[in-house]
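Geometric and topological summary
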Amino acid sequence: MNIQNALIQLRNELNINQTELAILLNVSNVTVNRWEKGKSTPNRAMSMAILAIAKTRGASKICIATLQEALFPTAKEEGLDDLKYAEINQINQLLNNSSNGVIVFDMESNEILYMNQQMAVITDQTMEEAKTKKCYEFLRGKNKPCDKCRCHSANSEQYTSYEYLSPRTGRSYIVRSKLLTWKNRPAYILYITDDTELNQVKSALEERERVLLEASRFADLYVIKYDVKKNWIYMGKRLREEFGLPEEIHEFPKNLSKDSMICEDTRVEFQKLFLEVRQGKKQIEADIRANLGERGIHWLRLRMNTIQFDEEGNPEIAICSAQVIDIEKMLENHKYVEKEKQIKGTRLDSNLLGYVVSNLNRNCLIEHKNYEGKAPDIELNMTYEQAIHASGQSVISEKDRERFITMHDRKRLMQICREGKFSDSIETQHSMKDGKILWLRNELSLLVDPETGDIFLNEYCYDIHKEKLYKTMMEAVVQHNFDFYAIIYLNTNHVVLIDTTRDDKNFVESDYDEALEKYCRHEVPESDWEAYCRMVSLDHIKQQLDKTGIFGFNYKMITKSGEIRMKHCKYSYYDKEAGICLAARFDMGYPVLEFC
């Protein structure tokens, strides 16, 4: 008897209509109607539910037998009872709900015996297609068995695992295989996991670390990777080579601290830095003193940036840069010295450009030193206010110039000194007499003469250009996702390419002209090529950077898919003496990110 008649017989014996049967099965009456008209059939789970209703509600043995034959036509020939079918149905549901692809094939004939729904998704093929193929045809697209089938090393005791990159789909998979018996036949079962996205995340992280390491070489910084989950740190190459540090340190920072590398007076601050990272703070900065072996004790400025979080928002990976700041700390110790103890022409370091001692009550300069003529040009015969006006004219930004002059206002300084504030500082970009643009830091310290009550301003000016640029560059590399970097050596026609979108262009060293032809020719429309070459010529770049220190332009680029995108190429971090600049490119389809 067919399913339609069997269901009608069941309803007649139980004295229920289609709607009542639908309610018992938790389906719509339309579904029951379609079954009885032969337009569809119940699935295995629903068939088991119908049979259970017949048994529990007192249907006759003849009705139950009729339903069993109609709903389970293969049960008799396969010799399986209802319980066995229920077990198989449950197993199938579990396998189909798995995120792994599952496939079973005969060990000798390579005939595919089973696959789950996820396997159909992975291969983009149906079970009906699989039944007509051997495993090597279905999985690898070959017409003969694999020469070195990795399944042959599998056994019934444990799984064999390996990675596989499919040439057909272009995706990577983790394959685990095991030997088992399937319907009395020796067979292999394979569990296949698509780990393409995971590998992409790993590659992106490794790429970002390579960019950081290259940036650290360019910026003369030390880089440390901190695994927050494991509480391990991984020392960069420079740290290992220069200070003999191990590549890995576990139970960090305890193991580093107990070896007295971190000086006692800054150990608490050091441990607090990593505690705040574990608590989820994204960016942290701290100054610590460290014993660097043969180089002795030095001040280090640590900057921590968390660059990876787990699904719950907990920190996983942080990058730490360490910069020696001995000169800056040394200068800080000179803020509160008396007038007669000021520097008398002895140059402390190349970073110190000069100093001025002014009597604010008398509006005059009483001492001035300009090392090598680099600092803004002022003379002792100027009044204090004339000197501030002259210095302010060299500030590049109009807004910063106003801030610079306001901070140095004579009446304001005298008032805050009376209120108990004795120091301040400001960082601004200046145009120097030789045309070079530098970042300068002016440190202001106020002293009161106990005999006369006159207020003296001791001001130190030193070059923080490299410090400022390197800090900004490191933050840009950590925080922003530019799709291209290049360190250009303008005097030697040499370039280091750092392309974050292509594996074959990561940290490629090349001749500049050869790099343009190889990597840019196919990206720029032919009609724009000559204009593009003029914009990126070394002479043009140098000319623009000499004028403003920063140079950028927009251009069209052809993507791999043939789409035309607007790109912005920016040249900055210009070191005129060394002839080095940093180029960065990003997509104009996204918000423009400034990093200078």
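Anyway, here's the lowdown on the structure attached to this text.

Criteria and thresholds
- Residues numbered from 1 in each chain as written.
- Predicted model: local features only at pLDDT ≥ 70, side-chain atom pairs only at ≥ 80, totals over all residues.
- Heavy atoms only, no water.
- Helix = DSSP H or I, 4+ residues; strand = E, 2+ residues; numbered from the N terminus.
- Polar contact = N/O pair within 3.5 Å; in protein donor to acceptor, adjacent residues only side chain to side chain.
- Phe/Tyr/Trp six-rings, centres within 6.5 Å; stacked < 30°, edge-to-face > 60°.
- Buried < 20%, exposed > 50% of the residue type's maximum accessible area, 1.4 Å probe, protein only.
- Lys NZ or Arg CZ within 6 Å of the ring centre and 35° of its normal.
- Patch = residues over 30% accessible without salt bridge, like charges linked within 9 Å, V, L, I, M, F, W, Y side chains within 5 Å.
- Areas by Shrake-Rupley, 256 points an atom, 1.4 Å probe, with all protein chains shown as cover.
- Salt bridge = Lys/Arg side-chain N within 4 Å of Asp/Glu carboxyl O.
- Lys, Arg positive; Asp, Glu negative; His and termini not counted.
- Charge placed at Lys NZ, Arg CZ, Asp CG, Glu CD.
- Pairing = 2+ DSSP bridges.
- Contact = heavy atoms within 4.5 Å.
- Axes fitted to C-alpha atoms, helices over the stretch in contact; angles between N-to-C directions.
- Arc of directions from axis to C-beta.

A word on the side chain of Glu-523. With respect to the helices and strands, the residue Glu-523 is situated in the loop between α20 (512-520) and α21 (529-536). Within the structure, Glu-523 has its side chain in polar contact with the side chain of Arg-585 (distance 3.2 Å).

Once that is clear, we can look at the packing of aromatic side chains. The geometry of two aromatic rings is summed up by the distance between their centres and the angle between their planes. Counted by the stated rule, this structure contains 11 aromatic pairs. Arranged with centres 5.6 Å apart and planes meeting at 50 degrees, the rings of Phe-105 and Tyr-188 form a pair that is tilted. In this pair, Phe-105 is assigned in strand β1 (residues 101-106) and Tyr-188 in strand β5 (residues 185-194), connecting sequence segments 83 residues apart. Relative to Tyr-555, the ring of Tyr-532 lies with its centre 5.0 Å away and its plane at 50 degrees, an arrangement referred to as tilted. One end of the pair, Tyr-532, is in helix α21; the other, Tyr-555, is in strand β20 (residues 551-558), with 23 residues separating them in the sequence. An identical accessibility class is assigned to Tyr-532 and Tyr-555; each is buried. Positioned over the ring face of Tyr-234 is Lys-225, at 5.2 Å from the centre of the ring. Positioned above the aromatic ring of Trp-232 is the side chain of Lys-230, whose terminal nitrogen or guanidinium carbon lies 4.7 Å from the ring centre.

A surface patch of like charges, here positive, comprises Arg-140, Lys-142, Lys-144 and Arg-150. Here Lys-142 is to be found in the loop between α10 (135-140) and β3 (160-165). Overall, Lys-142 belongs to the partly exposed group, its relative accessible area being 40%.

So, on to the sheet that holds strand β9 (residues 283-291). Strand order across the open sheet formed by six strands is β8-β7-β6-β11-β10-β9, with antiparallel pairing between neighbours. One side of each edge strand has no neighbouring strand; the edge strands of this open sheet are β8 (248-249) and β9. Where strand β6 (residues 222-227) and strand β7 (residues 232-235) come together, four bridges link them in antiparallel fashion. Note on β7: the bridge partner recorded for Lys-225 is Tyr-234. Contacts from helix α14 (residues 267-278) reach β6, β9, β10 (297-309) and β11 (315-324) within the one sheet, and its direction differs from that of β9 by about 150 degrees.

Most of strand β15 (residues 437-448) is tucked away, with 11 of its 12 residues classed as buried. Across nine bridges, β15 lies against strand β16 (residues 455-463) in antiparallel orientation. By the bridge assignment, Ser-445 is partnered in β16 with Asn-458.

Moving on to α20. Buried residues of α20: Tyr-512, Ala-515, Leu-516, Tyr-519 and Cys-520, and no others. Along α20, the residues classed as buried sweep out an arc of 105 degrees about the axis, all on the same side. For α20, the exposed residues lying more than 90 degrees away from the buried face are Glu-514 and Lys-518. Where α20 begins, the capping side chain belongs to Asp-511, and its oxygen is found 3.1 Å from the backbone nitrogen of Asp-513.

Along any regular strand, the residues point their side chains to alternate faces of the sheet. Of all eight residues in strand β22 (residues 580-587), eight are buried; the element is thus mostly enclosed. Covered by surrounding structure in β22 are Ile-580, Leu-582, Ala-584 and Phe-586 together with Cys-581, Ala-583, Arg-585 and Asp-587, the residues of both alternating faces. As paired elements, strand β17 (residues 484-489) and β22 share six bridges and run antiparallel to each other. Pairing of Ile-487 across the sheet is with Leu-582, part of β22. Pairing of strand β21 (residues 564-575) with β22 involves seven bridges; the strand directions are antiparallel. Bridge assignment links His-568 to a residue of β22, and that residue is Phe-586.

A word on the pattern of salt bridges. Under the counting rule described, the total for this entry stands at 16 salt bridges. For Asp-454, the salt bridge identified is with Arg-362, shortest N-O distance 3.3 Å. Linking Asp-454 in the loop between β15 and β16 with Arg-362 in the loop between β12 (352-359) and β13 (364-370), this pair joins segments that are 92 residues apart in sequence. Judged by relative accessible area, Arg-362 falls into the exposed class, the value being 59%. A salt bridge links Arg-412 to Asp-424; the nearest nitrogen and oxygen atoms lie 3.7 Å apart. Of this pair, Arg-412 sits in helix α18 (residues 410-418) while Asp-424 is found in strand β14 (residues 423-431), placing the two residues 12 residues apart along the sequence. A relative accessible area of 28% places Arg-412 in the partly exposed class. The network of salt bridges with shared partners includes Glu-285, Asp-287, Arg-301 and Arg-303.

We now examine unusual backbone geometry. The backbone phi angle of Asn-15 is positive, close to 55 degrees, even though this residue is not glycine. Here Asn-15 lies in the loop between α1 (3-14) and α2 (18-25). Despite not being glycine, Asn-231 shows a phi value in the positive range, around 65 degrees. Tracing the chain through its elements places Asn-231 in the loop between β6 and β7.

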